[in-house]
Protein chains: 2
Amino acid sequence: MCQLLGMNCATPTDITFSFRGFSQRAGITSDHSDGFGIAFFEDKACRLFVDNQSAVESPIAELVRNYPIKSRNVIAHIRKATQGKITLENSHPFIRELWGRHWIFAHNGDLHHFDPALSGHFTPVGNTDSERAFCYLLDQMVQKFGFVEPSLEQLFELLTEISPKIAEHGTFNFCLSNGQALFSYATTKLHWLVREYPFKPAQLIDIDVEVDFSQVTTPEDRVAVITTEPLTQNETWQAFSPGEMILFQQGQPIRKQLTYIERLEKERLNPELKRITRADQY
Amino acid sequence: MCQLLGMNCATPTDITFSFRGFSQRAGITSDHSDGFGIAFFEDKACRLFVDNQSAVESPIAELVRNYPIKSRNVIAHIRKATQGKITLENSHPFIRELWGRHWIFAHNGDLHHFDPALSGHFTPVGNTDSERAFCYLLDQMVQKFGFVEPSLEQLFELLTEISPKIAEHGTFNFCLSNGQALFSYATTKLHWLVREYPFKPAQLIDIDVEVDFSQVTTPEDRVAVITTEPLTQNETWQAFSPGEMILFQQGQPIRKQLTYIERLEKERLNPELKRITRADQY
C-alpha cells in the first residue's frame, strides 16, 4: 500500500513541516520506501518531483524538505509497491493536462480486475491500477463535459458518481487537484484537519519537530491537510467516513458528500430535505 | 529568445557536463535568466524540472548539476522572455501525454500571429507561442493517426510537413521527444554533434571545465548533443541548415530532411531519385 499527503491553502504556503514528518515513513517510522513523488501547483503551473528512491534517501526529497516552495495545492505520495514494478513511471503522483490545466492524482489502495475501456484521450504510461483509474476519471470527465471546462460543483457531482463504481474493485483513497481545488475521496483511510487563525503549535508524530504556527502565519492563512495517517500528535484529525468525498478550496472543505447514515440522520432532523434535489450533498 | 539543449543517447547517460556549460548562459556568459527547465526520460517515465529562477541561481538547477540522472533523452531550455510573462507555467520544456507516452517540447524563437484552431485534446496552460505550437503539433498528430501510435518514420514525415508551415510565423527551432527518439528542427540556429568511440577530451566554452570522455565511457556509448550554440571549443559542431529536421535515435541521426539545395544536388548526381517517392528524405 502507500500513503498520501495533500494540502490545500487559502494563501501560498510551504509544505516543508508536514513533508518532513510524512517522508519519515519512507523507511524510518514505516516502510513506504519504493519511490516517492510530490506535486506543487503554483497558479496554473505544476512542478512534479518523482523518484524511485525512497523519500528518506532521495536527493530530490532532500531538496523538497529544504526548498520552501509556496503552493496552494500540493499532493505527495510515498509508495510501498503492491501492483506494478518499482519504476519511475509507476511513481505517483501522475500528471495529465485537461481544459488548459494540469491535473495531478495520487492513490492509496489496490484495485482488482479494474480494466475499463479507455477512449485514448488519456492512456497510462506505466502499469499501475492507480494510473489506469486516473486516466479513467479524466476520460469520464471528457465524456461528460467534452472540451468545455465545467464548474468545480459539476466535477464534484461527476466524481461522486464515478468513484464508488471504481471502489467496487478494491480500496480507493485518492487526492486529485487541478490547481484550483483539491478533491479527496476515501473508502478505507484518510484524515484531514484545517489549520486557521488563531494558530497553535503542532508537534509531528514521526520526528521530534514542533512548529508554532502562530509565529509564522497571518490571520489570512488557512491550510487544510489531508493524509492517510495523522501527522501530528496534538491536533484533532478527522477521519473520512467510508465512501466520503470532500472538495477543499481556500484551505477548507467547501463540499462534502454525506455518507448514507449521515444523510438518514439529517433527513430525520429535517424531513424537508427529502424534497431537495441532491440532498445527499452540501 | 532562448537557448535549447537536447541529448539523445545509445545508453543511459548523464548530462551534467553539458548542462554545466549550458546553464552558465543563464546569467554569467549570457543573459538567459528568465527561468529554466530540463526533462529527463528514463524509459517511458519522464522527470521534468522547471523553475522561474535562472539556471545559475535555482536550487533545482543546482540539484541537476550535481545529481547525475542517467537518461537516453534529455531536453533543456533557458529562457530570455520575449512573449509571455516570466511565470512558471511559461517555462519550457512543456509536457503532455499521447499514446501512453510522455511528450516533451522546448522551442527557441518567436512566432507571430500564430493562433491556430485547436481541437481541445491539448490546450496550452500558459500563454506562450511555444506551448501553443506544441499543442498544435500534438493535435495534428492525433488528427492524422488517431489514438493508434504510428512509427517514428510516419511521425517524422508528418512533422516535416507541419513544421515549415508553423515556421512561416517566425523563428521555429525546437527539440521534441517521446522518450524513444528526439526530433529536432531549425529555421535559424541549432548545432549538433555525435560523441562516440574512440572518445576524446572535451573542453567547455562557457566555464573552464574539461572532461576526457575516453575515461568515463565504454565503446557501446554514443551520444548526440543538440544545442543552440556550440558548447565545446575543441569539437566539431554541425550547423542545421535552415528548415532542416533531424531525427536522433540511439545517439545518432537516423533520419534527415534534405534542404532544397541538397536535394537538387543529390538529384543532379543521381537522376533516378526524381522518380522515388519522398526523395527529399533519407
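Before any of the text, the structure's been laid out above.
Note that the structure is a prediction, hence the values are computed from the model and not measured. (Residues numbered from 1 in each chain as written. Chains lettered and ligands numbered in written order. Predicted model: local features only at pLDDT ≥ 70, side-chain atom pairs only at ≥ 80, totals over all residues. Heavy atoms only, no water.)

**Some remarks on the interface of chain A and chain B**
Item 1. Listed per partner, the contact involves 31 residues of chain A and 30 residues of chain B.
Item 2. Between chain A and chain B, a total of about 2600 Å² is buried, with carbon and sulfur atoms accounting for 63% of that surface.
Item 3. In terms of surface lost to chain B, no three residues of chain A exceed Arg 47, Glu 97 and Val 125 of chain A, which account for 21% of the buried area on that side.
Item 4. At the surface where chain A touches chain B, the tally comes to four salt bridges.
Item 5. In this structure, Glu 97 of chain A and Arg 96 of chain B form a salt bridge, with 2.9 Å as the shortest nitrogen-oxygen distance.
Item 6. In this structure, the connection of chain A to chain B is made through 15 residue pairs in polar contact (both at pLDDT 80 or more).
Item 7. In terms of residue count, the dominant contributor to the side of chain A that touches chain B is strand S3 (residues 45–51) of chain A (six residues).
Item 8. Of the residues in the side of chain A that touches chain B, the class split is 15 nonpolar, seven polar and nine charged. (Contact = heavy atoms within 4.5 Å. Buried area = accessible area lost by both parts, 1.4 Å probe. Salt bridge = Lys/Arg side-chain N within 4 Å of Asp/Glu carboxyl O. Polar contact = N/O pair within 3.5 Å; in protein donor to acceptor, adjacent residues only side chain to side chain. Helix = DSSP H or I, 4+ residues; strand = E, 2+ residues; numbered from the N terminus. Nonpolar A, V, L, I, M, F, W, Y, C, P; charged D, E, K, R; others polar.)

**Points about the relation of the copies chain A and chain B**
Item 1. With an RMSD of 0.1 Å, chain A superimposes on chain B once it is rotated by 180° and translated 0.0 Å along the axis. Here the symmetry operator amounts to a two-fold rotation axis.
Item 2. Both copies contact each other with a shared surface, as 97% of the interface residues of chain A are interface residues in chain B too. (Least-squares fit on C-alpha atoms with pLDDT ≥ 70 in both.)

**Side note on the sheet that holds strand S1 (residues 2–14) of chain A**
Residues and elements named next belong to chain A.
Item 1. Spatial strand order, S3-S2-S4-S1-S12-S9-S13: seven strands in an open sheet with antiparallel pairing. Looking at strand neighbours, the two that pair on one side only are S3 and strand S13 (238–239), the edges of this open sheet.
Item 2. Where S1 meets strand S4 (residues 70–79), nine bridges bridge the pair, whose relative direction is antiparallel. Bridging across to S4, Gln 3 finds its partner in Ile 78.
Item 3. In the packing of helix H1 (residues 16–23) onto the sheet, the strands contacted are S1, strand S2 (36–42), S4, strand S9 (191–196) and strand S12 (222–227), and the crossing angle to S1 comes to about 170°.
Item 4. Against the sheet, helix H2 (residues 59–66) contacts S2 and S3, and its axis sits at roughly 135° relative to S3. (Pairing = 2+ DSSP bridges. Axes fitted to C-alpha atoms, helices over the stretch in contact; angles between N-to-C directions.)

**A few points about the packing of aromatic side chains**
All names here are of chain B.
Item 1. In the structure shown here, the tally under the stated rule is 27 aromatic pairs over all chains.
Item 2. Judged by centre distance (5.6 Å) and plane angle (65°), the ring pair of Trp 192 and Phe 248 falls under edge-to-face. Placement of the pair is Trp 192 in strand S9 (residues 191–196) and Phe 248 in strand S14 (residues 244–249), with a sequence separation of 56 residues. As far as burial versus exposure is concerned, Trp 192 and Phe 248 are alike and both buried. (Phe/Tyr/Trp six-rings, centres within 6.5 Å; stacked < 30°, edge-to-face > 60°. Buried < 20%, exposed > 50% of the residue type's maximum accessible area, 1.4 Å probe, protein only.)

**Examining the pattern of salt bridges**
Item 1. All told, the structure shown has 24 salt bridges over all chains when counted by the stated rule.
Item 2. Two residues, Arg 65 of chain A and Glu 62 of chain A, come together in a salt bridge whose shortest N-O distance is 3.0 Å. Of this pair, Arg 65 of chain A and Glu 62 of chain A are both found in helix H2, three residues apart, which corresponds to roughly one turn of the helix.
Item 3. Judged by relative accessible area, Arg 65 of chain A falls into the buried class, the value being 17%.
Item 4. Glu 62 of chain A sits in the partly exposed class, given a relative accessible area of 39%.
Item 5. Look at the salt bridges and you will find they share partners, linking Glu 42 and Arg 47 of chain A together with Asp 51 of chain B into a network.

**A short note on the pairing of S9 of chain A**
Residues and elements named next belong to chain A.
Item 1. As paired strands, S9 and S12 are joined by six bridges and run antiparallel to one another. Across the sheet, residue Arg 195 finds its bridge partner in S12, namely Val 223.
Item 2. Here two bridges tie S9 to S13, and the two strands are oriented antiparallel to one another. If you follow Trp 192 over to S13, its bridge partner there is Gln 238.

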